[in-house]
Amino acid sequence: MDRNECKRLIEMAMEAREGAYTPYSDFKVGAAVLADDGEIFTGCNIENASYGATICAERTAFVKAISKGHRSFTALAVVGKKDSYTYPCGICRQFIIEFGKDIKIIVAKTPEDYKVFAIEELLPYGFTGEDF
Ligand code: THU
């Protein structure tokens, strides 16, 4: 992932954030996932009155990509507020690692200000299909 690829993913995540449905937290999150064939899918968080039925931006993006047949991914960008990094929640980390231990997670404040991690760094000793 070079700087331009990261920037593009972050910009797409920022655009996707506009679609967030957040009447309960007012915390809007956007995500963009890059499939290994170069296609990008975006997502936002969608909240629910039952709270627990809320889906995060990261999983929205992955669900869209996976339901279109994608199974292998290079990177995911996540944006929340512009003055802090938003890290994927535990459920999202588990969901993401299912599709590759090498997926890069880009947490961004802006297209110029971001950090990159491997999903395995964010979920060390995680449980995956290899453990069956
Ligand atoms: N949220 C995300 O969409 N992604 C994250 O990485 C952290 C949390 C959402 C869920 C909920 O709608 C709101 O942020 C507050 O938790």
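Before any of the text, the structure's been laid out above.
All of the points below concern the structure found in this document. (Residues numbered from 1 in each chain as written. Predicted model: local features only at pLDDT ≥ 70, side-chain atom pairs only at ≥ 80, totals over all residues. Heavy atoms only, no water.)

### Focus: the overall build of the protein
- Along the protein, the regular secondary structure elements total 4 helices and 5 strands.
- Taken from N to C terminus, the helices and strands of the protein fall in the order α-β-β-α-β-α-β-β-α.
- Long-range contacts, defined here as pairs at least 24 residues apart, represent 60% of the contacts in the protein between residues at least 6 apart.
- As displayed, the protein offers around 7,200 Å² of accessible surface, 51% of which is attributable to carbon and sulfur atoms. (Helix = DSSP H or I, 4+ residues; strand = E, 2+ residues; numbered from the N terminus. Contact = heavy atoms within 4.5 Å. Areas by Shrake-Rupley, 256 points an atom, 1.4 Å probe, with all protein chains shown as cover.)

### A few points about the packing of aromatic side chains
- One pass over the structure, following the stated rule, counts 8 aromatic pairs.
- For the pair Phe-62 and Phe-95, a centre-to-centre distance of 6.5 Å together with 70° between the ring planes defines the contact as edge-to-face. Note that Phe-62 is positioned in helix α2 (residues 57-66) and Phe-95 in helix α3 (residues 90-97), a separation of 33 residues in sequence.
- Classification of Phe-62 by relative accessible area gives buried; the value is 0%.
- Ring pairing ties together the aromatic residues Phe-62, Phe-73, Phe-95 and Phe-99, which thus form one cluster.
- Stacked on the ring of Tyr-85, the Lys or Arg Lys-109 has its end atom at 4.6 Å from the ring centre. (Phe/Tyr/Trp six-rings, centres within 6.5 Å; stacked < 30°, edge-to-face > 60°. Buried < 20%, exposed > 50% of the residue type's maximum accessible area, 1.4 Å probe, protein only. Lys NZ or Arg CZ within 6 Å of the ring centre and 35° of its normal.)

### Re the site of the ligand
- Close to the ligand lie 13 residues; Asn-45, Glu-47, Ala-57, Glu-58 and Tyr-87 are nearest.
- A distance of 2.5 Å separates an oxygen atom of the ligand from a polar atom in the side chain of Glu-47.
- Within the complex, 79% of the 380 Å² of free accessible area of the ligand lies under protein.
- Broken down by class, the residue content of the shell around the ligand amounts to 7 nonpolar, 4 polar and 2 charged. (Near = heavy atom within 4 Å. Polar contact = N/O pair within 3.5 Å; in protein donor to acceptor, adjacent residues only side chain to side chain. Nonpolar A, V, L, I, M, F, W, Y, C, P; charged D, E, K, R; others polar.)

### Here's the deal with α3
- For α3, the full list of buried residues reads Cys-92, Arg-93, Ile-96 and Ile-97. Seen end-on, α3 carries its buried residues on one side only, within an arc spanning 125°.
- Structurally, α3 contributes buried residues whose contacts are with α2, β3 (73-79), β4 (104-108) and α4 (119-122). (Arc of directions from axis to C-beta.)

### Notes on the nonpolar core
- Counting 24 residues, the largest nonpolar core has Val-33, Phe-62, Phe-73, Leu-76, Ile-96, Ile-103 and Ile-105 as its most contacted members.
- Counting residues per element, this core draws most heavily on α2, which supplies 5 residues.
- Met-12, Leu-34, Ala-77 and Ala-108 belong to the second-largest nonpolar core, a separate cluster that totals 13 residues. (Core = buried A, V, L, I, M, F, W, Y, C linked by side-chain atoms within 4.5 Å.)

### A short note on a nonpolar patch on the surface
- A surface patch of nonpolar side chains, about 450 Å² in accessible area, is lined by Tyr-21, Tyr-24, Ile-46 and Tyr-51.
- Its location among the elements puts Tyr-21 in the loop between α1 (3-17) and β1 (30-35). (Patch = residues over 30% accessible without salt bridge, like charges linked within 9 Å, V, L, I, M, F, W, Y side chains within 5 Å. Salt bridge = Lys/Arg side-chain N within 4 Å of Asp/Glu carboxyl O.)

### Thoughts on the pairing of strand β2 (residues 40-44)
- When β1 meets β2, the two strands line up antiparallel, connected through 5 bridges. Pairing of Gly-30 across the sheet is with Cys-44, part of β2.
- From the end of β1 to the start of β2, which pair antiparallel, there are 4 residues, and Gly-38 there has a positive phi angle of about 100°. (Pairing = 2+ DSSP bridges.)

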